[in-house]
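Take a look at the letters that make up each chain.
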Amino acid sequence: MNYSDGVKVCALPFVLALVLWASPGEAVNYKLVPNLEEMKDRSAAPGFSLPDPTGKKVGLADFRGKLILLNFWATWCAPCREEMPAMERLYRRFKDKGFVIVGVNVKDNRKDALSFLKELKITFPIGLDPHGQVGLLYGAWGLPVTYLIDSKGIAIARAWGPADWDSPGARQLIAELLKTKP
């Protein structure tokens, strides 16, 4: 065996590993969730800090390192009311796997928001935005609006309008983004 044969044999596992690592099959299919669109201009999601229902501050920086589903909602928004139970089920399924849902209540009074959360048994983190300032920062002038934010704080996808967040497609998408099994 000459030197060049040895190099080919040694390089083959490296080349194979590189091909498998960079295979195009790794692309995430955001269309698994209707209304969800991949963001082409991926940029850092704007930071914020809002009081939660107990008065403690909650913000995106609290969840760095996790996949975040950031949802803007209001008690007077019928589609928000419809999608929240599915979001709660999705949260419970993936919360111990590096996933969090952060809800931002927009332009409601605290009493109405707390009643809504209690009625729907919502357990994921909530920020109260009574003046809608964070909602405007994210362009949430119609509700619901939802963003997927990666573990580095980059906004990767956005949905205008409601979605079935506990559908097989949504579970598959979150699992793919977390690299876990649905």
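Here we summarise the structure given alongside this text. Being a predicted model, the structure only gives us computed values, none of them experimental. (Residues numbered from 1 in each chain as written. Predicted model: local features only at pLDDT ≥ 70, side-chain atom pairs only at ≥ 80, totals over all residues. Heavy atoms only, no water.)

### Description of the packing of aromatic side chains
Two descriptors summarise a pair of aromatic rings, namely the distance from one centre to the other and the angle between the planes of the rings.
Link 1 in the chain: Taken as a whole and assessed by the stated rule, the structure comprises 7 aromatic pairs.
Link 2 in the chain: Ring centres of Y91 and F124 lie 5.8 Å apart, and the angle between their planes is 70 degrees; on these two criteria the pair is classed as edge-to-face. Of this pair, Y91 sits in helix α2 (residues 78-94) while F124 is found in the loop between α3 (110-120) and β6 (126-129), placing the two residues 33 residues apart along the sequence. Judged on exposure class, the residue Y91 and its partner F124 are both buried.
Link 3 in the chain: These aromatic residues form a ring-pair network of at least three members: F48, F72, Y138 and Y147. (Phe/Tyr/Trp six-rings, centres within 6.5 Å; stacked < 30°, edge-to-face > 60°. Helix = DSSP H or I, 4+ residues; strand = E, 2+ residues; numbered from the N terminus. Buried < 20%, exposed > 50% of the residue type's maximum accessible area, 1.4 Å probe, protein only.)

### As for the state of the cysteines
Link 1 in the chain: Scanning the model with the defined rule gives 1 disulfide in all.
Link 2 in the chain: Two residues, C77 and C80, share a disulfide whose sulfurs are 2.3 Å apart. Here the disulfide of C77 and C80 is right-handed, its torsion about the S-S bond being about 80 degrees. Like C80, C77 is buried. (Disulfide = S-S within 2.5 Å.)

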